[in-house]
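# Fold and contact review
Chain residues, written in single-letter form:
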Amino acid sequence: MRNKKLLLMLEIAIFGALGFVLDFIAFSMPQGGSVSLVMIPIILMAFRRGMGAGILTGLAVGLLQLVTGRVYIVPLSFGFAFTQVTLDYLVAFASIGFAGIMRSAYLKNLRSGSKGKAVSSIVAGAFIGAFLRYIVHVIVGIWFFSEFATGNVYLYSFAYNATYMIPAFLLTAFVCSILFIAAPRLVDVKE
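Residues numbered from 1 in each chain as written. Predicted model: local features only at pLDDT ≥ 70, side-chain atom pairs only at ≥ 80, totals over all residues. Heavy atoms only, no water.

Helix and strand counts for the chain come out as seven helices and two strands. Put simply, the chain runs from its N terminus to its C terminus through helices and strands in the order α-β-β-α-α-α-α-α-α. Here the C-alpha radius of gyration of the chain, 17 Å, is about what a compact globule of 191 residues would show, namely 16 Å. If one aligns the C-alpha atoms of the chain with their principal axes, the spans along those axes are about 50 × 35 × 25 Å. For the chain, with 191 residues in total, the buried portion stands at 47%. (Helix = DSSP H or I, 4+ residues; strand = E, 2+ residues; numbered from the N terminus. Rg over C-alpha atoms; globule rule 2.2 N^0.38 Å. Buried < 20%, exposed > 50% of the residue type's maximum accessible area, 1.4 Å probe, protein only.)

This brings us to the nonpolar core. Ranked by internal contacts, the top residues of the largest apolar core, which has 42 residues, are Met39, Ile43, Phe47, Tyr106 and Phe180. Within the residue set of this core, elements represented by two or more residues are helix H1 (2-22), helix H2 (39-49), helix H3 (51-67), helix H4 (78-95), helix H5 (103-111), helix H6 (115-144) and helix H7 (153-182). Per element, the largest residue contribution to this core is 10 residues, and it comes from H7. Of all hydrophobic cores here, the second largest spans five residues; its members include Ala92, Val136, Val140 and Phe145. (Core = buried A, V, L, I, M, F, W, Y, C linked by side-chain atoms within 4.5 Å.)

Before going further, it helps to spend a moment on the packing of H2 against H6. Their axes nearest at 11 Å, the elements H2 and H6 cross at an angle of 120 degrees. One finds that H2 runs oblique with respect to H6. H6 is crossed by H2, and the crossing has right-handed handedness. In this structure, H2 uses Met39, Ile43 and Phe47 to contact H6, whose residues at the interface are Ser121, Ile122, Gly125, Ala126, Ala130 and Arg133. Partitioned by chemical class, the residues of the contact of H2 with H6 number six nonpolar, two polar and one charged. (Axes fitted to C-alpha atoms, helices over the stretch in contact; angles between N-to-C directions. Parallel < 35°, antiparallel > 145°, perpendicular 65-115°, else oblique. Left-handed = near helix turned anticlockwise from the far one by under 90°. Contact = heavy atoms within 4.5 Å. Nonpolar A, V, L, I, M, F, W, Y, C, P; charged D, E, K, R; others polar.)

In low-pLDDT regions, the fine details of the predicted coordinates are not to be read closely. Per-residue pLDDT for the chain has a mean of 90; in total, 92% of the residues score no lower than 70. At the level of individual helices and strands, the chain shows its lowest average pLDDT in strand S1 (residues 26-28), which scores 77, and its highest in H2, which scores 96. (pLDDT = per-residue confidence, 0-100.)

This brings us to the pattern of salt bridges. Scanning the entire structure with this criterion turns up two salt bridges. A salt bridge links Glu11 to Arg48; its shortest N-O distance comes to 2.9 Å. Pair noted here: Glu11 is in helix H1 and Arg48 is in helix H2, with a separation of 37 residues, a long-range link. Classification of Glu11 by relative accessible area gives buried; the value is 8%. For Arg48, a relative accessible area of 15% puts it in the buried group. Among the salt bridges present, the one from Glu11 reaches Arg49, with a minimum N-O distance of 2.8 Å. Of this pair, Glu11 sits in helix H1 while Arg49 is found in helix H2, placing the two residues 38 residues apart along the sequence. What you see here is one network of salt bridges that share partners, running through Glu11, Arg48 and Arg49. (Salt bridge = Lys/Arg side-chain N within 4 Å of Asp/Glu carboxyl O.)

And the structure:
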């Protein structure tokens, strides 16, 4: 029992660090946000060990970005900055772990040999994680980055965050689909 918990903590730390490193390979947007591979290790952990492990891996990625200073902060007050950073980095990346909702469907389809349905489960999981992250970024954009908006702040935040989240989702879904189908042992862990 203790070794399983230790193994889980090590995997979360390793995949969190991998996500942090993959975020350096990115196309960055001028006011924050980027198209990168950061979501892949988080989704991999969510499919490998479940939603809780995915959420903790996303939290680890966000924490690594905070402690290394890879954050974009609105310089208002401490309370505003704390709330913005908590939402934009900790909550946003942790929410990607909800992709693990599709874990059982993926494993069922994989084990039954339905690769098409397995890929659908992967894409659905990636969409859930990316969509939840997108919603958090939209809320942060409305609350904290309204000075950059031209016109309606709501439409601006929805559109601006979509410019990098849609390509990030498509890239993540594509890579995860290939990776999970080509190397199912990465995800289908015998417990």
